[in-house]
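Now for the letters of each chain:
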Amino acid sequence: MSPRPWYPAKIGAVAAVYFSAAKLGLLAAVAQKVVSSAWPPTGVALATLLLLGVRFWPGIALGAFLLNWTSGVPAAAAAGIAAGNTLEAVTAVLLLRRVADFQPSLAGLRDVLALVTLAALVSPLVSATIGVLSLWTSGMIERAATGHLWFVWWSGDAMGDLLIAPLLLAWAHAPRTRWPPARVAEAGVLLVSLLGLTAALLRPPTGDEYAIFPLIIWAALRFGVLGSATASGIVAALTIWSTVHGQGSFVGSTPTHDLLLLQMYLALLSVTGLVLAAMTTERRQAEQAARESEQRYRTLLENAPEAILVHQDGRWIIANRAALKLLHAARVEQIVGRATLDIVHPDYRAVVRERIEREFATGEPAPLLEQQFVAVDGTVLDVEVVGIPITLAGRQGGQIIVRDITERRQAEQAVREREAEVRRSRERLEALSQRLLKVQENERRLIARELHDQIGQALTAVKLNLESLRSGARGGRGAKAFPLDESVAIVEQLMEAVRSMSLELRPSVLDDLGLAAALRWYADRQGRRAGLAVRVRTQLPTERLASDLETACFRVAQEAITNVARHAGAKRVEVDARAEDGTLDLTVRDDGSGFDVAAVRGGTMAEGSIGLDGMEERVRLLGGDFGIDSQPGTGTTVWARFPLTEP
């Protein structure tokens, strides 16, 4: 069934409650029959709209109108008073919600202060002003009495907001849990003490009414807003009843003056209890939140995969399971309670002490530090540590996150040793390669010498003999001359082939005349063979360069020119060799078809890059730089730079 049909019934219930509370309030109406010094309906109206919603304002208006109309107030004035009472409650709710973000549970000091100021002090201004004007315009009061009645009206409504509203709100938000027997017994003792002491203080001789405050404080500290509001309500009911009937500490002057003194007393009583209860509740909530936060922190810390330790006052107070495992500890007592620097290697204690002092002074986390810890069993551990300043139980402390890098250090050391071994092996290989090249050149030199000195000389002798036979044959029969001529021609061809092979293996011009002459000789020879226009420019010192340097430079130029002749389809080749600024620079440039250097060096082309690698290896062994600049269709430039001094 929809709740809408019940809305009129609820409005009627609110009106009935308001009307009943107002009838009780009229018992304290001593200044005027509808103006009371203690007006409970104000608190009822405020609590109703806060708990049920502002849409129930018609119930407040209806109850207020019926009360005043049945009390002899003209209908127009009764309507005005009802409007003022309703606007008062609505104004209080809007101010509390929109200005103070009010929580009806009154669990915070901010909520209590908002209730006291915005609801009890400000909103009654609306009702008092409209109500007094309504009575005056209806002729029920004289103009001279408006100021006095306005103050009584305002103070009476304020009492309702301070005493009744907190009581209703506190009971509406009371926890629905069963109290333990000890707490029930304590509440009973407090209630009996409160009733007995209040009754005793209201009997003559009077004047000790403030002796009730310890019980109000007891109620506030032990039972919060609920206890404080209930205790204040009980004391207020008893003292108001006693004062209205001419008894107690607040009787002795006019009834209005007596009720004014009572209002001040009850306001002080209620505000003191509510403020103390709110402060106590906030403190308990803060302590509970701190405990829960610390518990969550400990739970997260304990289950963290990283080793985490917490220190405070120079000692370790927390170590999670990962930290115990890292430090080879079987029990937490082996770490917790020890001095902070005990687990730090002596070589790092001064640094760690300074880091902790800096953390505490600046409040900033300490950066990553690689250091060493000493485990429980004495094992030295390589670790990296990050320090974070924290606060526990209101005191400064520090948290460190530790990661074991012993294995990483060992791996890094192994890598360094391996790299050193590889470097030494590479140096040995380079030395071997250089040695092999030298041996190869020496072998070429020996072969060239043997071909020239022995084979060439032998062939020369054969040629002379054949020529002699040919001369003798000419004196005889002419038929034998032709084979001899053919033999001489064959020997001449053989001698030329041997001479060419000797030059290819090791041109004697390189040893005899130097690099410049060898480059010109080979460029001229290869140019004639391949039909290339080769131009050689050299700018070399007059003294001979080192033999290894001349050989390497010549072989690079030889390989480059040979590659041009074989693959480039070029017409012109330029060879430039010059020594300046401590280096020997060689450049071989052609206007051929060019090629994709990356593809050739990467081995993706059929012929590969063996020749190019050989050139680079020669240059690198002498500590030089080697490069090739080429693109398809743009020609090729091969360059090498050798240091003139040995690397």
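Draft legend 1. Seen up close, the pairing of strand E10 (residues 636–643). Bridge count for strand E8 (residues 583–590) against E10 is eight bridges, and the pairing is antiparallel. Counterpart to Asp 590 in the pairing with E10 is Thr 636. Across six bridges, the pairing between strand E9 (residues 625–630) and E10 is antiparallel. What sits directly across from Gly 627, in E10, is Trp 639. Linking E9 to E10, which pair antiparallel, is a turn of five residues; within it Gly 633 sits at a positive phi near 85 degrees.

Draft legend 2. Local environment of the nonpolar core. If you look at the biggest cluster of nonpolar residues, it comprises 69 residues, and the most contacted ones within it are Leu 46, Leu 96, Phe 102, Ile 212, Tyr 265, Leu 266 and Leu 269. Broken down by element, this core gets its largest block of residues, 13 residues, from helix H9 (residues 213–244). Excluding residues within four positions of it along the chain, Leu 46 makes contact with Ala 89, Ala 92, Val 93, Leu 96, Leu 115, Ala 119, Asp 161 and Ala 165. Core analysis: the second largest hydrophobic core is formed by 39 residues, Leu 515, Ala 552, Phe 554 and Val 638 among them.

Draft legend 3. Representation of the sheet that holds strand E5 (residues 395–404). The strand order across the open sheet built from five strands is E2-E1-E5-E4-E3, with neighbouring strands paired in antiparallel fashion. In the strand order of this sheet, the two ends are held by strand E2 (315–319) and strand E3 (366–374), each with one partner. Adjacent strand axes in the sheet meet at a mean angle of 35 degrees when their direction is disregarded. Note that E3 and strand E4 (residues 380–392) share seven bridges and pair antiparallel. Each residue of the ladder has a partner; that of Glu 370, found in E4, is Glu 384.

Draft legend 4. Representation of the confidence of the model for the chain. Across the chain, the average pLDDT comes to 83, with 85% of residues at or above 70. At the low end of the mean pLDDT range in the chain sits helix H14 (residues 481–505), at 62; at the high end sits helix H2 (residues 40–52), at 94. Predicted confidence is poor over residues 604–608, with pLDDT under 50, and the contacts of this stretch with residues over four places away or in other chains come to six contacts.

Draft legend 5. Structural context of the sheet that holds strand E7 (residues 572–580). The sheet built from five strands is open, its strands ordered E6-E7-E8-E10-E9 with mixed pairing. Each edge of the sheet is formed by a strand with only one pairing partner; in this case those strands are strand E6 (533–539) and E9. On average, each strand axis in the sheet is inclined to that of its neighbour by 10 degrees, with strand direction left out of account. Here E7 runs beside E8; their pairing, made up of eight bridges, is antiparallel. Following the sheet pairing, Val 573 is matched in E8 by Asp 590. Lying over the sheet, helix H16 (residues 515–530) contacts E6, E7 and E8, oriented at roughly 175 degrees with respect to E6.

Draft legend 6. Examining the packing of helix H5 (residues 109–122) against helix H10 (residues 255–303) more closely. The geometry of H5 relative to H10 is characterised by a closest axis approach of 8 Å and an angle of 160 degrees between their N-to-C directions. Classified by the angle between their axes, H5 and H10 sit roughly antiparallel to one another. Contact with H5, carried on its side by Leu 109, Arg 110, Val 112 and Val 116, involves Val 271, Leu 274, Val 275, Ala 278, Met 279 and Glu 282 of H10 and no other residues of that element. Within the contact of H5 with H10, the residues separate by chemical class into eight nonpolar, no polar and two charged.

Draft legend 7. Structural detail: the pairing of E6. By the bridge criterion, seven bridges tie E6 to E7 in an arrangement that is parallel. The residue bridging Val 534 from the neighbouring strand is Val 573, located in E7. One crossover worth recording links E6 to the parallel E7 by way of helix H17 (residues 547–568), and it is left-handed.

Draft legend 8. Fine view of the pattern of salt bridges. Across all of its chains, the model carries 18 salt bridges by this definition. The partner of Arg 403 in a salt bridge is Glu 306, and the shortest N-O contact between them spans 3.1 Å. Taken as a pair, Arg 403 in strand E5 and Glu 306 in the loop between H10 and strand E1 (307–312) lie far apart in primary sequence, 97 residues in all. The exposure class assigned to Glu 306 is partly exposed, which follows from its relative accessible area of 28%. Note that Arg 408 and Glu 384 form a salt bridge whose closest N and O atoms lie 3.5 Å from each other. On the criterion of sequence distance, the pair formed by Arg 408 in helix H13 (residues 406–475) and Glu 384 in strand E4 is long-range, its members being 24 residues apart. When its relative accessible area of 36% is taken as the criterion, Arg 408 is described as partly exposed. For Glu 384, a relative accessible area of 8% gives the class buried. One continuous salt-bridge network, built from bridges that share partners, spans Glu 306, Glu 370, Asp 382, Glu 384, Arg 403, Arg 408, Arg 409 and Glu 412.

Draft legend 9. Structural detail: the side chain of Asp 576. Checked against the element boundaries, Asp 576 lands in strand E7. Under the relative-accessibility criterion, Asp 576 is labelled buried at 16%. At 3.4 Å, the side chain of Asp 576 and the side chain of Arg 578 are in polar contact. In this structure, Asp 576 is in contact with Arg 537, Asp 585, Leu 586 and Thr 587, ignoring residues within four places of it in sequence.

Calculation rules
- Within any chain, residue numbers begin from 1 and follow the written order of that chain's sequence.
- Two thresholds apply to this predicted model, a pLDDT of at least 70 for residue-level local features and 80 or more for giving and counting side-chain atom pairs, whereas whole-chain, interface and lining totals are computed over all residues.
- In computing side-chain properties, one takes all heavy atoms of the structure into account and sets aside hydrogens as well as water.
- Between any two strands, at least two bridges found by DSSP are needed for them to pair.
- Runs of H or I in DSSP of at least four residues are treated as helices and runs of E of at least two as strands, each being numbered from the N terminus.
- Here the nonpolar core consists of buried residues drawn from Ala, Val, Leu, Ile, Met, Phe, Trp, Tyr and Cys, with membership extended through side-chain atoms lying within 4.5 Å.
- For each residue, the accessible area found with a 1.4 Å probe, counting protein chains only, is set against the maximum for its type, and the residue is called buried under 20%, exposed over 50%, and partly exposed in between.
- Contacts were defined at the residue level, with two residues in contact if any of their heavy atoms lie within 4.5 Å.
- Throughout, an axis means a line fitted to C-alpha atoms (over the contacting stretch in the case of helices), and angles, computed between N-to-C directions, take values from 0 to 180 degrees.
- One confidence number per residue, pLDDT, is output by the predictor and ranges from 0 to 100.
- These descriptions rest on fixed angle ranges, namely under 35 degrees for roughly parallel, over 145 for roughly antiparallel, 65 to 115 for roughly perpendicular, and the rest for oblique.
- Note that Gly is not counted as nonpolar here; it falls among the polar residues with everything else outside the nonpolar set of Ala, Val, Leu, Ile, Met, Phe, Trp, Tyr, Cys and Pro and the charged set of Asp, Glu, Lys and Arg.
- Whether a crossover is right-handed depends on one test, that the path from the first strand over the helix to the second runs clockwise when the strands point away from the viewer.
- What makes a salt bridge here is a side-chain nitrogen of Lys or Arg within 4 Å of a carboxyl oxygen of Asp or Glu, nothing more.
- What qualifies as a polar contact is a pair of N or O atoms within 3.5 Å, subject to a donor-acceptor requirement within protein and to the restriction that residues adjacent in sequence count only when both atoms come from side chains.

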